[in-house]
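Examination of the molecular architecture
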Amino acid sequence: IEGNKINGVATDGHRLAFSSAITNAADLEVRNILPRKAVLELSKLLSTNEGTVELLIGASYIDVRSENLSFSSKLIDGKYPDYSKVFPTGEPLPLNISKEILQSALSRASVLSNEKYRGVRFQLSEDKLKLTANNPEQESAEEEVDVLYKGSELEVGFNIGYLLDVLNSIDSETVCFEFYGEDSSCIIKEQNSEDDVYVIMPMRL
């Protein structure tokens, strides 16, 4: 919790999700680590029409209360990694694409991707994105889609599963990518929103 914002961050070392929301907290500065199981349970229990939710944070526990819910969990003792260092720096190369078109293309490419590494290659040129996936049996899938991209030509690999996970979490019809080079992480977010940001590390293909 920072000032009047509550920020949620989760990472597994290969990808990171950041989400932010406004609270009525008065200039608090609190950092805690919630167990993964507690987060998953809360995501099921808290419906979108829950209304106001009250958080009570102690030294080693958190209570979440609403009109229909009272939930308690222990907090994990420790210091969360400095996630700000995970965000790539430099001048971004932005790309906008239809979420539905990209989801469909990735789903088709995943059929012939390597079952172990699940890699897909992004090849970017002006207003074009070429997706390529292959496997040890010398089978390959290739697809070209129209995008809004004016940056330099770029080739970078990602895990298909990670990309599809992000797309399933995004509500907007258009998805915005920010590329920072072939060896740098990529940022994915909804159009015109900084509240939900996803970072995915590249993979060598």
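Right above here is the structure, for reference.
Residues numbered from 1 in each chain as written. Predicted model: local features only at pLDDT ≥ 70, side-chain atom pairs only at ≥ 80, totals over all residues. Heavy atoms only, no water.

**Quick look at the environment of Tyr-117**
Selection criterion: Helix and strand assignments come from DSSP, with helices taken as H or I runs of at least 4 residues and strands as E runs of at least 2, each series counted from the N terminus. Residue contacts follow a heavy-atom distance rule, with two residues in contact if any of their heavy atoms lie within 4.5 Å.
Residue position: Tyr-117 is located in the loop between helix H2 (99–110) and strand E9 (119–125). Along the primary structure Tyr-117 and Ile-160 are separated by 43 residues, whereas in three dimensions their C-alpha atoms are 8.9 Å apart. Every residue in contact with Tyr-117, bar those within four places of it in the chain, is listed here: Asn-159 and Met-203.

**Some words on a nonpolar patch on the surface**
Inclusion rule: Each patch is built from residues that are more than 30% exposed by relative accessible area and take part in no salt bridge. Like charges join if they lie within 9 Å; nonpolar side chains (Val, Leu, Ile, Met, Phe, Trp, Tyr) join within 5 Å. In short, Shrake-Rupley with a 1.4 Å probe defines the accessible areas, and a residue's cover is counted only from the protein chains shown. When a carboxyl oxygen of Asp or Glu lies within 4 Å of a side-chain nitrogen of Lys or Arg, that pair is called a salt bridge.
Taken together, Val-53, Leu-55 and Ile-57 make up a surface patch of nonpolar side chains, about 200 Å² in accessible area. Along the chain, Ile-57 turns up in strand E5 (residues 54–57).

**Observations concerning the nonpolar core**
Our working rule: Grouping buried Ala, Val, Leu, Ile, Met, Phe, Trp, Tyr and Cys residues that are joined through side-chain atoms within 4.5 Å yields what is termed a nonpolar core. Only protein chains enter the accessibility calculation, which uses a 1.4 Å probe. A residue is then buried if its area is under 20% of the maximum for its type, exposed if over 50%, and partly exposed in between.
Counting 33 residues, the largest nonpolar core has Leu-106, Phe-122, Phe-177, Phe-179 and Ile-188 as the members making the most contacts within it. No other element matches the 6 residues that helix H3 (residues 160–169) contributes to this core. Sequence-distant contacts of Phe-122, defined by excluding residues within four places in its chain, comprise Leu-106, Leu-129, Lys-130, Leu-131, Leu-154, Glu-155, Val-156, Phe-158, Leu-163, Phe-177 and Phe-179.

**A word on the pairing of strand E2 (residues 5–11)**
Stated precisely, the cut-off is as follows: Two strands are counted as paired when DSSP detects at least two bridges linking them.
With 7 bridges joining them, E2 and strand E3 (residues 15–22) adopt antiparallel strand pairing. Opposite Val-9, over in E3, you have Phe-18 as the bridge partner.

**Describing the packing of H2 against H3**
In plain terms, the rule: Orientation is described by lines fitted to C-alpha atoms, with helices fitted over the stretch in contact, and by angles between N-to-C directions that extend from 0 to 180 degrees. Here the word oblique covers every angle except those under 35 degrees (roughly parallel), over 145 (roughly antiparallel) and from 65 to 115 (roughly perpendicular). Two helices cross in a left-handed way if the nearer one is turned anticlockwise from the farther one by less than a right angle. They cross in a right-handed way if the turn is clockwise. As a working rule, the residues Ala, Val, Leu, Ile, Met, Phe, Trp, Tyr, Cys and Pro are called nonpolar, Asp, Glu, Lys and Arg charged, and the rest polar, with Gly in that last group.
With their axes 10 Å apart at the nearest point, H2 and H3 run at an angle of 150° to one another. Between H2 and H3, the crossing angle belongs to the class labelled roughly antiparallel. As H2 runs across H3, the sense of the crossing is left-handed. Judged by residue contacts, Lys-99, Leu-102, Gln-103, Leu-106, Ser-107, Ala-109 and Ser-110 of H2 engage Ile-160, Leu-163, Leu-164, Leu-167 and Asn-168 from H3. The residue makeup of the contact of H2 with H3, split by class, is 7 nonpolar, 4 polar and 1 charged.

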